[in-house]
Amino acid sequence: MEEIKMEEKKEAKKESKQKKPVAFIVTIVILVLIILGMGVFIAYDKGLILTTKNETKEGKKVNKEDDKKKNEPENNESKEDDVNNNSNKVDNAVVREIDLNKCINCTQSNLTLAFYDNADGLSAKLSQDKKSVTLRINWEYFSKALGGAPNGTTGPNSYTISNFSQEIADIYIGGFGQSITGVTLLFLMKDGTVEYMPIVKATQQGNENLKSYGKINDVNDIIKFLTADVTSGVTTLAVKPDGSFYDLGIILNSTGNY
């Protein structure tokens, strides 16, 4: 009886030993299949397999376009020629740097750029449609320099100047000489020419004379006005894009309106 039991135990151990290698092999095979499946899925997801040549090329093209866009500046970034809205300009022309040796009509030397407040009691505003200018005169201040207001005018008064044939690009209150009689309202026109109004003469001769007195002869391609100190006091410069300029005091003084 014992011999039979011993025999059965041996058979059981033998069967157990035979089952272990089979189970181990099956486990290995399953793990290998799982790893291969994951590898195929990852490769497909990355587009490394099962992708046509055209799709691959298109993908590269898109990536290059994205890189190009990243390296290009955005449209709203300022460019070299951009200028502040407060700068004098006509059709986006920009003056790089004024050269005080490039005066077109100067008869006096020792020009020095200067920055002054406008005459007391004067201010000017360009209309939204750029077709008229409102000149505001506060006679309480301006009449003191003028030696009295015309017709006993007092307090602040506004005057509209609108006799223009084209749009105005900018306005400027300048002057020349050493007295208030040279104070001038300048109109920079869209085509780069300059019109003017001698403020003292215009106010002394009645409201109907508060108007543009026309173009300043032989002055063109202007984009900016500046004030300068000169031997005889001050003057106003009309600057061209290349940095050359006209001394407007010389020209205006010869008009007979001062």
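Let us look at the structure shown here. (Residues numbered from 1 in each chain as written. Predicted model: local features only at pLDDT ≥ 70, side-chain atom pairs only at ≥ 80, totals over all residues. Heavy atoms only, no water.)

Bringing the overall build of the protein chain into the picture now. Broken down by element type, the protein chain carries five helices and 10 strands. By residue count, 31% of the 258 residues in the protein chain fall in the buried class. Within the protein chain, counting contacts between residues at least 6 apart in sequence, those at least 24 apart form 55% of the total. Summed over all atoms, the accessible surface of the protein chain reaches about 17500 Å², with 50% contributed by carbon and sulfur. (Helix = DSSP H or I, 4+ residues; strand = E, 2+ residues; numbered from the N terminus. Buried < 20%, exposed > 50% of the residue type's maximum accessible area, 1.4 Å probe, protein only. Contact = heavy atoms within 4.5 Å. Areas by Shrake-Rupley, 256 points an atom, 1.4 Å probe, with all protein chains shown as cover.)

Now for helix α3 (residues 139-146). Helical geometry note: an α-helix holds 3.6 residues per turn, so side chains three or four residues apart project in the same direction. Every buried residue of α3 is listed here: Trp 139, Phe 142, Ser 143 and Leu 146. For α3, the buried positions fall inside an angular range of 100 degrees around the axis, keeping them on one side. Those residues of α3 hidden inside the fold are in contact with β2 (122-126), β3 (133-138), β4 (156-161) and α4 (199-204). Taken from the residues just after α3, Gly 147 is the one with a positive phi, measuring 85 degrees. (Arc of directions from axis to C-beta.)

Two side chains of opposite charge can pair, provided their charged atoms sit close to one another. The tally for this structure, following the rule as stated, stands at one salt bridge. The residue Asp 191 makes a salt bridge to Lys 215 at a minimum N-O spacing of 3.8 Å. Of this pair, Asp 191 sits in the loop between β6 (184-189) and β7 (194-198) while Lys 215 sits in the loop between α4 and β8 (224-230); the two residues are 24 residues apart in sequence, bridging distant segments of the chain. Classification of Asp 191 as partly exposed rests on a relative accessible area of 42%. (Salt bridge = Lys/Arg side-chain N within 4 Å of Asp/Glu carboxyl O.)

Ranked by size, the top nonpolar core spans 23 residues in total, and within it Phe 142, Leu 185, Phe 187 and Met 197 carry the most contacts. Breaking this core down by element, the ones donating at least two residues are β3, α3, β4, β5 (168-174), β6 and α4. Look past the residues within four positions of Phe 187 in its chain and what remains in contact with it is Val 133, Ile 161, Phe 164, Ile 168, Asp 170, Ile 171, Thr 193, Val 194, Glu 195, Tyr 196, Met 197 and Ser 212. Among the nonpolar cores identified, the runner-up in size contains 14 residues, and Val 194, Val 219, Ala 238 and Leu 248 belong to it. (Core = buried A, V, L, I, M, F, W, Y, C linked by side-chain atoms within 4.5 Å.)

With that settled, the discussion passes to the environment of Gly 121. Here Gly 121 shows up in the loop between β1 (112-114) and β2. Along the primary structure Gly 121 and Trp 139 are separated by 18 residues, whereas in three dimensions their C-alpha atoms are 6.6 Å apart. In this view, Gly 121 contacts Arg 136, Ile 137, Asn 138, Tyr 141 and Phe 142; residues no more than four positions away in its chain are not counted.

Whether parallel or antiparallel, the strands of a sheet pair through hydrogen bonds between backbone atoms. Taken in spatial order, the three strands make up an open sheet running β5-β6-β7, and their pairing is antiparallel. Each of the sheet's edge strands pairs with one partner strand only, and the pair in question is β5 and β7. The average angle at which neighbouring strand axes cross in this sheet is 20 degrees, direction not considered. Relative to β6, β5 is paired through six bridges, and the arrangement is antiparallel. In the strand pairing of β6, Ile 168 is matched with Met 189. (Pairing = 2+ DSSP bridges. Axes fitted to C-alpha atoms, helices over the stretch in contact; angles between N-to-C directions.)

Mapped onto the elements of the fold, Ser 132 is located in the loop between β2 and β3. Residues within four places of Ser 132 in sequence aside, it is in contact with Lys 125, Leu 126, Ser 127, Thr 160, Ile 161, Ser 162, Phe 164 and Ile 168.

The next thing to look at is the sheet that holds strand β10 (residues 245-247). Overall, antiparallel pairing links the four strands, which are arranged β1-β8-β9-β10 in an open sheet. Only two strands of the sheet have a single neighbouring strand rather than two, namely β1 and β10. Each strand of the sheet is rotated relative to its neighbour by a mean of 40 degrees, with strand direction disregarded.

Under the criterion given, the structure shown has one disulfide. Between the sulfur atoms of Cys 103 and its disulfide mate Cys 106 the distance is 1.8 Å. What sets the handedness of the Cys 103 and Cys 106 disulfide is the S-S torsion sign, and at about 90 degrees it is right-handed. Assessed through its relative accessible area of 27%, Cys 106 is described here as partly exposed. (Disulfide = S-S within 2.5 Å.)

By the secondary structure assignment, Gly 243 is in the loop between β9 (233-239) and β10. On the accessibility criterion, Gly 243 (0% relative accessible area) is buried. In sequence terms Gly 243 and Cys 103 are 140 residues apart; their C-alpha atoms lie 9.0 Å from each other.

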